Each structure stands twice: as structure tokens, then as C-alpha cells.
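Fold and contact review
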Amino acid sequence: MTDLTDTMYLHAVGKQVCARYRNVDIAFISGSLVEGFGNETSDLDVFVLSDTVIEPVGDAALSADLGAFAVDIDFAGDIRTDTEIWTVDMVADIAARIGACDPLEWQATMRLDKAGLELAHRIRVGEPLVAADRFAQLRELFGWGHVGAVLAQRFLQDYNESAEDAVGAVKAADAGAGLLNSRLALGAAADALCAVRGATNGKAKWRLHRLTATAPEIVDTYLQAELDRSAEQADLLRTARQRLRVASDLAGTATSALLDGGWGRT
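The residue count restarts for each chain, going from 1 along the sequence in the order it is written. In view of the model being predicted, local features appear only for residues whose pLDDT reaches at least 70, and side-chain atom pairs are presented and counted only at 80 or more, with totals across whole chains, interfaces and linings using the full set of residues. As a convention, hydrogens and water are excluded, and side-chain values are obtained from all of the structure's heavy atoms.

Remarks on the overall build of the chain
Each helix is a run of H or I in the DSSP string that is no shorter than four residues. Each strand is a run of E no shorter than two, and both are numbered from the N terminus. Each helix and strand in the chain was counted, giving 11 helices and eight strands. The principal-axis extent of the C-alpha atoms belonging to the chain is close to 60 × 45 × 30 Å. By the burial criterion, 48% of the 266 residues in the chain qualify as buried. Look at the contacts in the chain between residues 6 or more apart in sequence, and 66% of them connect residues 24 or more apart. Put simply, the chain shows about 13,100 Å² of open surface, and 51% of that area lies on carbon and sulfur atoms. Each residue is assigned to one of three classes by its accessible area relative to the maximum for its type, calculated with a 1.4 Å probe on protein chains only: buried under 20%, partly exposed between the two thresholds, exposed over 50%. Residues are treated as being in contact if the distance between any of their heavy atoms lies within 4.5 Å. Surface exposure here means Shrake-Rupley accessible area, sampled with a 1.4 Å probe, where a residue is shielded only by the protein chains that are shown.

Next up, the structure:
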């Protein structure tokens with residue numbers, strides 16, 4: 001079986017993918033495999049950027065035009081590859097819009113495009129394949145503490161919405177809705193805390209990795225709060241209340257850090 005932790009192998013796959021396109025001015029690999037916590041089912045994210053228009057050589061197994069960018073899904077050897085195709089100007093524009101956004105203005109942060117924020121993180125952890133010097137210049141357009149603060153504000157808005165729904169469900173003795181919405185609130189609050197401490201990977205599936213890296217002191221508390229004593233309605237409502245208390249504490253800590261402004265120095 002191929003060793004997907006082998007950096008040289010991942011770079012070779014990335015370069016194989018790049019050869020499928022013309023007019024590539026910058027290219028890099030990114031994603032969970034590059035960050036070091038992917039597994040044998042993970043795909044490799046490849047990004048190809050052009051000053052003009054990327055021209056594919058042949059057809060991918062699956063392609064989608066998402067407006068601002070396109071995605072090709074295919075295989076290279078044993079590994080699935082997801083290739084995102086952007087123009088350099090679009091990436092620079094994303095960096096400018098994120099940089100101009102005040103993280104304390106929740107409405108402004110919610111107007112930012114999620115795909116652009118995800119691309120920012122991909123650039124942060126990416127490894128260049130083509131034009132390493134230009135890739136480094138592109139990375140320097142982003143202030144990572146600022147990106148994290150923007151994400152934190154967005155997660156806090158998610159927390160507020162889910163917590164409000166969970167409180168209403170608990171009051172109405174709706175155990176199922178209380179369970180689900182309190183878990184959403186807890187996850188959003190934990191994500192906000194990680195983000196304000198510098199994490200820019202916003203995907204829920206990697207939450208425990210982020211917590212371990214940025215907030216190890218609350219990992220056990222978070223995991224305990226996720227658990228339910230039983231499926232009995234009374235227990236579900238009780239643990240939903242407890243979960244909401246933990247979520248409120250985490251959201252309060254994240255909010256205080258956001259208002260403190262220390263993120264602006266990173």
C-alpha cells in the first residue's frame with residue numbers, strides 16, 4: 001500500500017496532476033494529507049492558478065464549474081485528487097476582502113464567501129509545486145491571526161443560532177431537537193475558541209485535532225459534554241442543558257479573546 005505520509009510521493013502526485021493543465025502559473029498541494037492527519041481514504045487537494053485561463057488536457061472523471069472556480073475530481077495512482085482551478089487575481093481579491101473585513105462586525109464576516117476562507121487555509125498549509133516564490137508572495141497577502149478572528153466571529157454567530165434553538169427545544173421538552181442543537185452549539189463554540197487562537201481550518205471533522213493543538217485544556221471537557229447518559233428523554237434533556245453550559249463558557253472565552261484583539265498581532 002502506498003505511504004500517504006510520504007511527502008515526496010504527494011509532491012509527485014501533485015506534479016502529475018499539474019501536467020493535465022496548460023497555463024499553470026502557480027500550483028500547490030494542500031489538505032489533510034499535507035497537514036499530517038489524513039488517512040488512506042483522504043484525497044489530495046491540488047490547486048492550479050493562472051494569470052490567464054487554465055486549459056485542461058483531456059477530461060477529468062468528474063468536473064464542476066462553481067462560478068469563482070472550477071473543480072476536477074480524478075485519480076492519480078492510488079489516490080483521489082480534487083483539483084481546484086483559480087485565477088491569481090481571484091485569490092488576491094479574496095485576500096483583500098478578508099483583510100478589509102473587521103472581525104468584530106459580525107454582519108461583515110458573514111458576508112464573506114466560505115469558499116474563499118477555505119482557500120485561505122489551504123494556502124496557509126499548502127506546499128508549492130510550481131513557482132514557489134510566487135506562492136510565497138501569495139501567502140504573504142493573508143494575515144493569519146486576522147483570518148482566524150474572522151472565522152471565530154462566524155462560528156460565534158453559528159453558536160448563537162444553535163444555542164437559541166437548543167434552549168427553545170429544552171424548554172419545550174423536545175429531547176431530540178435539544179440533543180442535536182446543543183451539539184451544534186457546542187461544536188461552534190469550540191471552533192470559535194480554536195479560531196481565535198489561530199486555527200484556520202474550519203472543518204468540523206478535524207475539530208479534535210484543532211482542540212488538541214490550540215485548546216488542549218478543554219479537550220476532556222468537550223468530549224464529556226458530547227456524551228449522553230442514555231437515550232431516555234429526561235437524560236437527553238439533562239445533558240443538553242449541561243452541554244449548553246459548557247458551550248456558553250467556551251463561547252464566552254472566545255468572545256473575550258476576540259474583543260481583546262490579540263489576534264491582530266499574529
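Observations concerning helix α9 (residues 207-214)
Note: α-helices contain 3.6 residues per turn, so residues at a spacing of three or four share the same orientation. Considered for burial, the residues of α9 that qualify are Arg207, Arg210, Leu211 and Thr214. Each buried residue of α9 lies within a common arc of 100 degrees when the element is viewed along its axis, so the set occupies one face. Arc definition: directions from the helix axis to the C-beta atoms.

Quick look at helix α3 (residues 88-100)
By definition here, a helix of n residues has an expected span of 1.5 Å times n minus one. Along its 13 residues, α3 runs 19 Å from first to last C-alpha, staying within 8% of the 18 Å computed at 1.5 Å per residue. Within α3 the residues assigned to the buried category are Val88, Val91, Ile94, Ala95 and Ile98. Within α3, the buried residues cover an arc of 125 degrees as seen down the axis, which keeps them to one side. Exposed residues lying more than 90 degrees from the buried face of α3 are Asp89 and Ala100. Residues of α3 that are buried in the fold lie against β2 (26-30), β3 (44-50), β7 (79-87), α5 (114-125), α6 (132-139) and α7 (144-171).

Some details on the packing of helix α8 (residues 175-196) against α9
A fitted line through C-alpha atoms represents every axis, and for helices the fit uses only the stretch in contact; the resulting angles, taken between N-to-C directions, go from 0 to 180 degrees. Here α8 crosses α9 at 45 degrees, and the two axes come no closer than 9 Å. One element, α8, and the other, α9, form an angle in the oblique class. Crossing of α8 against α9: the hand is left-handed. Mapping the contact onto sequence places Gly187, Ala190, Asp191 and Cys194 in α8 and Arg207, Arg210, Leu211 and Thr214 in α9. If an angle is under 35 degrees, it is roughly parallel; if it is over 145, roughly antiparallel; if it lies from 65 to 115, roughly perpendicular; otherwise it is oblique. Helix crossings fall into two classes, left-handed where the near helix is turned counterclockwise from the far one by less than a right angle and right-handed where it is turned clockwise.

In short, geometric facts, not functional conclusions.
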